[in-house]
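# Summary of the model geometry
These are the residues of each chain, in order.
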Amino acid sequence: MSQEFDIQTQIAQTILLLRKKLGVRDKTLTASVRRARRRLPRKVYKQALVLAQAEKMAVHPKLRLLLDTPKLEQASEEVQSHLNAINLADRRWGWFLSFLGSLALGLLVLTAVSIFILRSRGLI
């Protein structure tokens, strides 16, 4: 009984980490993983899909006995370690710097185009 409970606990922890780190607000792991697909590396995404399939089977008492617990524990550990490694402050800072870079590039292009137009009209 404790193994099945551990798997369900690990699935619940994975859902909480997806909510906390990636902002995915779904009730099941399957829906959460589908929404977070683009933000997860391929290997981690496949491991999360293994967990999502196990979530469906863990609810049913007879199907629960068919679960490969070592494989699921490894998948859960891999997904959770990736999600724990995500630094939210660093992601926000990276987004902010990317925004500022885009803004600076836009201003630089606008300045260059306006100087080109003024020169072509003979105003400079």
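In this report, the structure presented in the accompanying data block is examined. (Residues numbered from 1 in each chain as written. Predicted model: local features only at pLDDT ≥ 70, side-chain atom pairs only at ≥ 80, totals over all residues. Heavy atoms only, no water.)

### With respect to the packing of helix α3 (residues 42-59) against helix α4 (residues 69-85)
Put simply, α3 and α4 touch, their axes get as near as 9 Å, and they point 130° apart. Taken as axis vectors, α3 and α4 run oblique relative to one another. α3 and α4 meet at a crossing whose hand is left-handed. Only K71, L72, A75, S76, E78, V79 and H82 of α4 make contact with α3, whose side of the interface consists of K43, V44, Q47, A48, V50, L51 and A54. Here the residues of the contact of α3 with α4 are counted per class, giving 8 nonpolar, 3 polar and 3 charged. (Axes fitted to C-alpha atoms, helices over the stretch in contact; angles between N-to-C directions. Helix = DSSP H or I, 4+ residues; strand = E, 2+ residues; numbered from the N terminus. Parallel < 35°, antiparallel > 145°, perpendicular 65-115°, else oblique. Left-handed = near helix turned anticlockwise from the far one by under 90°. Contact = heavy atoms within 4.5 Å. Nonpolar A, V, L, I, M, F, W, Y, C, P; charged D, E, K, R; others polar.)

### Here we look at the environment of L97
Structurally, L97 is set in helix α5 (residues 88-120). According to the relative accessible area criterion, L97 is partly exposed, its value standing at 43%. (Buried < 20%, exposed > 50% of the residue type's maximum accessible area, 1.4 Å probe, protein only.)

### With respect to α4
For α4, spanning 17 residues, the distance from its first C-alpha to its last is 24 Å, which sits close to the expected 24 Å at 1.5 Å a residue. If you check which residues of α4 are buried, you get T69, L72, A75, S76, E78, V79, Q80 and L83. (Expected span 1.5 Å × (residues − 1).)

### Side note on a nonpolar patch on the surface
On the surface, W93, W95, F96, L97, F99, L100, L103, L107 and L110 cluster together into a nonpolar patch covering about 960 Å² of accessible area. Relative to the helices and strands, L110 is located in helix α5. Relative accessible area serves as the criterion here: at 55%, L110 is assigned to the exposed category. (Patch = residues over 30% accessible without salt bridge, like charges linked within 9 Å, V, L, I, M, F, W, Y side chains within 5 Å. Areas by Shrake-Rupley, 256 points an atom, 1.4 Å probe, with all protein chains shown as cover. Salt bridge = Lys/Arg side-chain N within 4 Å of Asp/Glu carboxyl O.)

### Some words on the environment of L123
Among the secondary structure elements, L123 is positioned in the segment after α5. For L123, a relative accessible area of 63% corresponds to the exposed category. Along the sequence, L123 and A89 sit 34 residues apart, while their C-alpha atoms lie 48 Å from each other.

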